[in-house]
Amino acid sequence: MKALLNILRTRLWTPAVDQHQQQQKQSHRQHIFQQLRMNHPTTAVVVGSGQNEQAVPKCRFMQYRRANERLTRLGMVSEDGSKMVELSNLTCASRNMQDFIRQRYPMDSLLESVQYMKVEDVDAVGIRLLPPIQAPGKIIAVDCNYVDNCDEQHISIPREPVFHAKFATAITGALDNIKAHNVARRIDYGCQLAVVMGRKCREVTLKEALNHVFGFMVAQDIVARDWNALLGGTSMDTFLPLGPTIVHKCHIPDVNNLWIKTIVNGEPRQAGNTRNMIFKIDVLIHRLSHYLTLCPGDIILTGTPAGSGAYRRPSSSFLKPGDLVESEIQNLGRMCNKVVNPYG
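Described in the following lines is the structure provided in the data block. (Residues numbered from 1 in each chain as written. Predicted model: local features only at pLDDT ≥ 70, side-chain atom pairs only at ≥ 80, totals over all residues. Heavy atoms only, no water.)

Concerning the overall build of the protein
Thought 1: Tallying secondary structure elements over the protein gives seven helices and 19 strands in all.
Thought 2: Buried positions account for 55% of the 344 residues belonging to the protein.
Thought 3: When contacts within the protein are restricted to residue pairs at least 6 apart in sequence, long-range pairs at least 24 apart make up 73% of them.
Thought 4: Roughly 15,100 Å² of accessible area belongs to the protein as shown, and the carbon and sulfur atoms make up 50% of that amount. (Helix = DSSP H or I, 4+ residues; strand = E, 2+ residues; numbered from the N terminus. Buried < 20%, exposed > 50% of the residue type's maximum accessible area, 1.4 Å probe, protein only. Contact = heavy atoms within 4.5 Å. Areas by Shrake-Rupley, 256 points an atom, 1.4 Å probe, with all protein chains shown as cover.)

Quick notes on the layout of surface pockets
Thought 1: The calculated volume of the second largest pocket comes to roughly 390 Å³.
Thought 2: Among the secondary structure elements, those contributing two or more residues to the lining of the second largest pocket are strand E6 (139-143), helix H6 (147-153) and strand E13 (223-224).
Thought 3: Broken down by class, the residue content of the lining of the second largest pocket amounts to nine nonpolar, ten polar and three charged. (1 Å grid on protein atoms, 1.4 Å probe; cavity = no way out; pocket = protein on both sides within 12 Å on 5 of 7 lines; lining within 4 Å. Points joined across faces, edges and corners; volume = space filled by probe spheres on them. Nonpolar A, V, L, I, M, F, W, Y, C, P; charged D, E, K, R; others polar.)

Let's talk about unusual backbone geometry
Thought 1: Following Gly243, the chain continues into Pro244 via a peptide bond in cis, with omega recorded as -10 degrees.
Thought 2: Residue position: Pro244 is located in strand E14 (residues 240-248).
Thought 3: Unusually for a residue other than glycine, His154 sits at a positive phi of about 60 degrees.
Thought 4: Residue position: His154 is located in the loop between H6 and strand E7 (162-166).
Thought 5: You will see that Thr238, though not glycine, has its phi angle at about 70 degrees, which is positive.

Focus: the sheet that holds strand E19 (residues 333-340)
Within a sheet, adjacent strands bond to each other through the backbone by hydrogen bonds, running parallel or antiparallel.
Thought 1: With mixed pairing, the five strands of this open sheet are ordered in space as E9-E19-E18-E15-E16. Unpaired on one side and paired on the other, strand E9 (178-179) and strand E16 (267-273) mark the two borders of the sheet. (Pairing = 2+ DSSP bridges.)

Describing the packing of aromatic side chains
Thought 1: Per the counting criterion, the structure on display carries five aromatic pairs.
Thought 2: Ring geometry for Phe61 against Phe214: centres 5.7 Å apart, planes inclined by 40 degrees, an arrangement best described as tilted. In this pair, Phe61 sits in strand E1 (residues 60-66) while Phe214 sits in strand E12 (residues 213-220), placing the two residues 153 residues apart along the sequence.
Thought 3: Taking the relative accessible area as the measure of exposure, Phe61 reaches 0% and is therefore buried.
Thought 4: Taking relative accessible area as the criterion, Phe214 reaches 6% and is therefore assigned buried.
Thought 5: Summarising the aromatic geometry, the rings of Phe100 and Phe214 are spaced 6.4 Å apart at their centres and angled 85 degrees between planes, so their arrangement reads as edge-to-face. Of the two residues, Phe100 sits in helix H3 (residues 97-103) while Phe214 sits in strand E12, which places them 114 residues apart along the sequence.
Thought 6: The exposure class assigned to Phe100 is buried, which follows from its relative accessible area of 1%.
Thought 7: Chaining the aromatic ring pairs together yields one cluster made of Phe61, Phe100, Tyr105 and Phe214. (Phe/Tyr/Trp six-rings, centres within 6.5 Å; stacked < 30°, edge-to-face > 60°.)

Here it is in structure tokens:
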């Protein structure tokens, strides 16, 4: 698993620091894929089957590279992060996640076929985790979509959702570094639930909106608050960590009741729940589909709860090189991204 661990390494560490960081990264590796469970029925072990249901690869999709390879592969990982299967060589599934979504592969058939695939230990494979999707056609974010986020800004709750765009070149992986660009002085964070579209839709009804969703993942929406959004403040390189996997909607029975957290250097900064969204996911899809056509692989960022660095009191808390940002959403997993000097 050295390739996965080396992603968080910087060239300036001393051997003593390196040993400490290796212990931290070992902990990150053990939990990076894990479903963050809290009183959720899917955490139960199947009694009498002789097999832990959490150790069976399911529709939790990842893109990765094996050690010493440049080939992107597509796989599925188990809830506890211990087991995986590769799809791109053993099935007719595309190697590219976006193309796989367009294939509309039947999930029930895929789950049934897992029993005939080679199941591997994640630790033994030696993978480098990539963003679960790397080139979406559109990334659309909504502003001020949590009640507590509006309260901390002392603004009224919006009557209509307000959207802005991010660019795909900002995407980075769940264990990749976030670059503290020299032109940005006030770098902020905000954990968000990301919706991945599964079907093309235009002017979809509220009732049908969620039928066009493929799945969900964790996103950390990094923004340079001293830059105008239109001039790149939201879309600088590495300003959109995604991952660790895309969890198919069949594994998320209630997307409107998931806790969401950001932890910086071990300090809890954000603690919210998706039930506090002002505009739910079906409303966002419904509204957007009346402005433009949503396509398979498009990403919708659904807003962030209270606790962003700009609004912390008594003083703001922006990110700086050396900070470790952990982003967590229940049932979707966690990300661990280190903030680094872009030239370090």
